[in-house]
Amino acid sequence: MIIVIVIAALIAVGAIAFILTVRAKDLPEPEPVSPFQHLDERKAAIYENLRDLQFEYRVGKLSDNDYQQTKKDLQRELAGVMAEVDRIKLQLSPNGAVPPPRPAEPKPVVDPLTCPHCGAKFAQALKFCGECGKAMKVAHS
Ligand SMILES: [Zn+2]
């Protein structure tokens, strides 16, 4: 009888462990949060505050001075959020304002020993190419 209870207990423990494992695995991965999301939320909140502010001003709850001051603060905050959005956009964009430095293009090397027409190489500078007969450009220094 005791053995039956032990087995039952083991099965129960096993089942619980199984359920917990499966649950942990089945949990959906947290969705990747857009880098703009918190900024979008802040922007929306500021817009809402501006609307509220305008409403309160219209119904006479706010003095002219308070209204102007709060509005200015909100607009400054909004500008800050916009600037942050722009900054992140630039960082994400492959064609941002700050492109990665390009490797310098190799400068054509003027080699007096190489024919510019056919590419033949010679041990000494020649006036005319021994291969194609065209004039070799010799850099006068
Ligand atoms: Zn040549």
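This text follows the structure it describes.
As the structure is a computational prediction, the values presented were derived from the model and not from experiment. (Residues numbered from 1 in each chain as written. Predicted model: local features only at pLDDT ≥ 70, side-chain atom pairs only at ≥ 80, totals over all residues. Heavy atoms only, no water.)

**Here's the deal with helix 3 (residues 64-92)**
So, point 1. Over its 29 residues, helix 3 runs 42 Å from end to end, which matches the ideal 42 Å to within 8%, given 1.5 Å per residue.
So, point 2. Listing the buried residues of helix 3 in full gives Y67, L74, L78, V81, V85 and I88.
So, point 3. Considering only its buried residues, helix 3 is in contact with helix 2 (37-58). (Helix = DSSP H or I, 4+ residues; strand = E, 2+ residues; numbered from the N terminus. Expected span 1.5 Å × (residues − 1). Buried < 20%, exposed > 50% of the residue type's maximum accessible area, 1.4 Å probe, protein only. Contact = heavy atoms within 4.5 Å.)

**Digging into the packing of aromatic side chains**
So, point 1. Here the structure, examined in full by the defined rule, presents one aromatic pair.
So, point 2. For the pair Y57 and Y67, a centre-to-centre distance of 3.9 Å together with 5° between the ring planes defines the contact as stacked. In this pair, Y57 is assigned in helix 2 and Y67 in helix 3, connecting sequence segments 10 residues apart. (Phe/Tyr/Trp six-rings, centres within 6.5 Å; stacked < 30°, edge-to-face > 60°.)

**Concerning the nonpolar core**
So, point 1. Of all hydrophobic cores here, the largest spans 12 residues; its members are F36, L39, I46, L50, L53, L62, Y67, L74, L78, V81, V85 and I88.
So, point 2. Sorting the residues of this core by element identifies helix 2 and helix 3 as the ones contributing at least two each.
So, point 3. When residues in this core are grouped by element, the largest group, six residues, is from helix 3.
So, point 4. Contacts of L39, omitting those with residues within four sequence positions, involve V81, E84, V85 and I88. (Core = buried A, V, L, I, M, F, W, Y, C linked by side-chain atoms within 4.5 Å.)

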